[in-house]
Amino acid sequence: MWMFRLRRLRYRRRVAGTALHRCWQAPLPNTGKDWRQVSYLVVDAEMSSLDVSDGELLSVGWVGVEAGAIRLDSARHYLVKAENSVGQSAAIHSLRDCELVEADTGAVVLERFLQVAAGKVLVFHNAALDMAFLNRVSRQAFNAPVLLPVIDTLLQEEALLRRRGQPIKPGDLRLHACRERYNLPPYQGHNALQDALATAELLLAMAAHRGGRQSFTLGQLL
Amino acid sequence: MSDDSGTQVAAAPESPLPRLAVPELVPVAEFLEQSLPFNELPRAELYQVVDKILVQYHCRGDVFNRGTMEAGLRIVRSGAVEIRDSDNKLLDRLGEGESFHIGGLNAERGEVQATVIEDALLYLLPDPVYRGLREGNRGFDRYFSGQRSRRLRRAARYQPEPNIMMQEVRTVMSTDLLTVQSTDSVQRAAQVMAQRRVSSAFVMEGDRLAGIMTDRDLRVRFVAPALPPETRVREIMTPDPETIDASQSIFATTLLMTQRSYHHLPVMVDGELGGIVTTSDLILAKQDDPVYLVQHISRQHDIEGIKGLVSGMANLMVQWVNSGMRAQQVSQILTAISDAVTVRLIGLAEEKLGPAPVPWCWLGFGSQARAEQLLGADQDNGIIIDDSVEPEQLPWFESLANFVCDGLNECGYVYCPGDIMARTPEWRQPLSAWRQKVRRWVTTPTPDAAMRVSIFFDLRSIHGSVGLCQQLQETMLTQSSGNSIFLAALAANALDTRPPLGIFRRFVLDRDGEHRDYLDLKKRGVLPITEMVRLRALANRISAVNTDERLRALVHEKHMTIVDSRNLVDALNFIQHQRINHQCGQIVRGEKVTNFINPKDLPKMAKEQLRDAFTIIDDAQSAVRQTYRAGMG
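These remarks concern the structure in this document.

Procedures and definitions
- Residues numbered from 1 in each chain as written.
- Chains lettered and ligands numbered in written order.
- Predicted model: local features only at pLDDT ≥ 70, side-chain atom pairs only at ≥ 80, totals over all residues.
- Helix = DSSP H or I, 4+ residues; strand = E, 2+ residues; numbered from the N terminus.
- Buried ≥ 20, exposed ≤ 12 C-beta atoms within 10 Å, placed from the backbone.
- Contact = placed C-beta atoms within 7 Å.
- Core = buried A, V, L, I, M, F, W, Y, C linked by C-beta atoms within 7 Å.
- Domains from an automatic or database assignment.
- Pairing = 2+ DSSP bridges.
- Axes fitted to C-alpha atoms, helices over the stretch in contact; angles between N-to-C directions.
- Parallel < 35°, antiparallel > 145°, perpendicular 65-115°, else oblique.
- Nonpolar A, V, L, I, M, F, W, Y, C, P; charged D, E, K, R; others polar.
- Expected span 1.5 Å × (residues − 1).
- Arc of directions from axis to C-beta.

Here's the deal with the overall build of chain B
At step 1: In terms of regular secondary structure, chain B is built from 26 helices and 19 strands.
At step 2: For chain B, the proportion of its 633 residues judged to be buried stands at 38%.
At step 3: Residue pairs in contact within chain B that sit at least 24 positions apart in sequence constitute 72% of those at least 6 positions apart.

Below, the structure is given as structure tokens:
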């Protein structure tokens, strides 16, 4: 966690007084704690392209995990106002331009996000992609990246399969395939919040399986 | 969490329909709507509680009990949970869509424990919210205060009596007393004992109990010292034996008998000799144990006695199932019991008719032969007589068959509606006639004949000469294995009943409709499997009769893949398990035992598994169609 403190230091002056600054003021979680004693915010985002240089953020969904349980009362889903046309990707996430036009700007959604993310560990399935888009919005708004601790369930699962010496076929690390390995039920995907909920369930399953009955620390999940 | 609310897109036109603040939670609400008793809740109320839910994941082996911190109703979203009481007796198995409240169960039943038996995703409805729903909604409340707990109580009522040792000894004593006079000769007394098949006799002087004479007394005090046959009973009996009062407990009796090494103890009722208790009576007091039930049957002296024991079988089955016995074991035991009843009836008939004039064999057909019987089975049997039989000896077999078939009917194994019984002349013949019959069936099979005789190809010797049964079976396998026309006829019969996959599809579409589809688990589930496996066994000259053993032999001789065979075994066991569970429910409710279930009544998981089982049958039928009916449609 000292890494975050160090990197945040660089941006301290730039973000002073912003929502990002307030978010950073919350204490960073202790990596030695049992995973159940840590608060998580499981997040998923939809974008118009997988390439951060020409795509833009379309929607964000998140749900909180407290004391080892998903709290459905914390589930939120926000659309992000499109700057360009959604184009071809509408077929995938069924978001239409007319809906996106009335939505909030990326900066407003990010501010809400930072409010609830304070003091929590972020969880994504394939964090690099979502974080790239979130960081871009953050840089535009605050001139600084988000800089919060992140768990990536995809990387966790990949490392686990490698440790077990299992060959990894294309598609094995997709959210559906990972959930199947833990006997989680099928779900309807392709909505940021539904994917976030599905990822949260996967997080619980992974931690429960790796932790067994003993204590399993946050550090082992990061 | 902050209290801002999500911006809703696709803003709803003014609509009276309740809406969830977060539409992405609709799948959760839909899941609950399909689960009892949430289906009772008006949608508006349901929607108010959806976001109060906590989602938790538990690995196999995780336990919930009184010590579990978070109180509330736990709804199984996926996986499975088992509920057992403090004696570790299984009360319930829960699958998808079913729920439990550990605190509520504890309040009602004492120390109840729930264990995750398949990795489970659980929805936890916190206690205050759960209580709110119960208070505000009668239908919802009734489910928890009424039906649910009744079901658990019913299960509890059939708990095996834990304090059997505290019951009065009169409940296990034998009242069928053999008395001799002290002045009788020892030889005479021994003859009577042998005749009655007892190991002890009371020695009376007038009305007074003067002593007891046991096998041991005979050995030690009569045979060993080589006394003359006319010795008086008085001289070798154990005089003035210790007695016990009938109101004493079985425990006290056992203690007395072990301390003094008694094997027999006279029991006094109101100061007079009323019965005797032996060490084996005490062992048999553990009546819920199937082994002893079988032994008990073999000790009965009349049909009434057998009937009395068999009538308790239904309740015993509920106990066995509650204590976690698997379907296969249950049917094995039920078959062992019907074997024991048959053998005992044959013994009683022989006592009446004298010994058989020539070697013979009593055959069991169908489920009895396969050791796959359940409750309510009718009788299917026959007799093979050795070819040396003379015409004037045949009436002995007719009398025996009538006695045994009538006895079976009286004991609840009702007459076979198709008359496949030893009392029908057609099914009571010398070996050569049986063989001729088999050849005729096999060479000119009609669809009707194939259906009628298929049951007969599962046969097992229940009593008498095993050799006769083996010779007949050998004929059957030789005749049928190479005969593709006969096999095709059997295949047509096996394919006659298609598994009812449609019922599930309709079920999904018409969840709340009023359709009343009942499913005959035996006809639609069990018979297609046994028929296909029998066909393959006959075609490949496999002499095993039990379906499981047939499948193992088919795999061993490489006529079937391990996967296919395991699938069929699993499907059969699962369907039998459902049948047994269903029958236990009917017994507990005091209903007539049937094989008809309404899929609507099954928990979600069982429904899914049943559909899997039927899909396996469907696949296996396709394979049979290709192999044995190619080009015949």
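Next comes the rest of the account.
Side note on the nonpolar core
All names here are of chain B.
At step 1: Judged by nonpolar contacts, the single largest core of 101 residues is most densely connected at Met317, Val341, Leu363, Ile383, Ile384, Val404 and Leu535.
At step 2: Each of two domains, domain 3 (290-481) and domain 4 (488-628), supplies a minimum of three residues to this core.
At step 3: Setting aside its immediate chain neighbours within four residues, Leu535 contacts Leu487, Leu490, Ala491, Ala494, Val624 and Tyr628.

Looking at the pairing of strand 6 (residues 113-126) of chain B
Residues in a regular strand point their side chains to alternate faces of the sheet.
Residue and element names in this part refer to chain B.
At step 1: Most of strand 6 is tucked away, with 10 of its 14 residues classed as buried.
At step 2: Where strand 2 (residues 63-64) and strand 6 come together, 2 bridges link them in antiparallel fashion. For Val63, the partnering residue across the bridge sits in strand 6 and is Thr115.
At step 3: Pairing of strand 3 (residues 72-84) with strand 6 involves 11 bridges; the strand directions are antiparallel. Its bridge partner being in strand 6, Glu82 is matched across the sheet by Thr115.

A short note on the sheet that holds strand 12 (residues 264-269) of chain B
Residue and element names in this part refer to chain B.
At step 1: The strand order across the open sheet built from 3 strands is 11-12-13, with neighbouring strands paired in mixed fashion. Either end of the sheet is taken by a strand with one partner, and the two such strands are strand 11 (244-245) and strand 13 (272-278).
At step 2: Relative to strand 12, strand 11 runs parallel, the two being bridged by 2 bridges. Following the sheet pairing, Ile244 is matched in strand 12 by Val267.
At step 3: Seen against the sheet, helix 10 (residues 250-260) touches strand 11, strand 12 and strand 13 and runs at an angle of roughly 140° to strand 12.

Section: the pairing of strand 1 (residues 54-58) of chain B
At step 1: Burial within strand 1 of chain B is extensive, with 5 of its 5 residues counted as buried.
At step 2: Side chains Leu54, Gln56 and His58 of chain B of strand 1 of chain B all project onto a buried face; the interleaved residues Val55 and Tyr57 of chain B project onto the opposite face, where all are buried too.
At step 3: Sheet topology note: the strand 3 (residues 69-79) of chain A/strand 1 of chain B ladder contains 2 bridges and is antiparallel. If you follow Ile70 of chain A over to strand 1 of chain B, its bridge partner there is Val55 of chain B.
At step 4: Here strand 1 of chain B runs beside strand 6 of chain B; their pairing, made up of 5 bridges, is antiparallel. Across the sheet, the residue bridging to Leu54 of chain B is Leu124 of chain B, located in strand 6 of chain B.

As for the packing of helix 24 (residues 547-556) of chain B against helix 25 (residues 562-588) of chain B
All names here are of chain B.
At step 1: Axis separation between helix 24 and helix 25 bottoms out at 9 Å; the angle between their running directions is 175°. Viewed along their axes, helix 24 and helix 25 adopt a mutual orientation that is roughly antiparallel. Only Ile562, Ser565, Leu568, Val569 and Leu572 of helix 25 make contact with helix 24, whose side of the interface consists of Thr547, Asp548, Leu551, Leu554 and Val555.
At step 2: Tallied by class, the residues present in the contact of helix 24 with helix 25 amount to 7 nonpolar, 2 polar and 1 charged.

Focus on the sheet that holds strand 9 (residues 208-214) of chain B
Residue and element names in this part refer to chain B.
At step 1: The strand order 7-8-9-10 describes an open sheet built from 4 strands, whose pairing is mixed. The outermost strands of the open sheet, each flanked by one partner alone, are strand 7 (179-181) and strand 10 (238-239).
At step 2: In the sheet, strand 7 pairs with strand 8 (residues 200-205) via 3 bridges, with the strands oriented parallel. Within the sheet, the bridge partner assigned to Thr179 lies in strand 8 and is Phe202.

What about the interface of chain A and chain B?
At step 1: Contacts between the two partners involve 35 residues from chain A, matched on the other side by 29 residues from chain B.
At step 2: For the side of chain A that touches chain B, the secondary-structure elements that each account for two or more residues are strand 2 (57-66), strand 3, helix 5 (106-117) and helix 9 (192-211) of chain A.
At step 3: The element best represented in the side of chain A that touches chain B is strand 3 of chain A, accounting for 11 residues.
At step 4: Residues belonging to the side of chain A that touches chain B are distributed by class as follows: 16 nonpolar, 11 polar and 8 charged.

Some remarks on helix 18 (residues 431-443) of chain B
Residues spaced three or four apart along an α-helix point in a common direction, a consequence of the helix completing one turn every 3.6 residues.
All names here are of chain B.
At step 1: For helix 18, spanning 13 residues, the distance from its first C-alpha to its last is 18 Å, which sits close to the expected 18 Å at 1.5 Å a residue.
At step 2: Taken together, the buried positions of helix 18 are Leu431, Trp434, Val438, Trp441 and Val442. Projection of helix 18 onto a plane perpendicular to its axis shows the buried side chains occupying an angular sector of 90°, all on one side. Opposite the buried face of helix 18, at more than 90 degrees from it, the exposed residues are Ser432 and Thr443.

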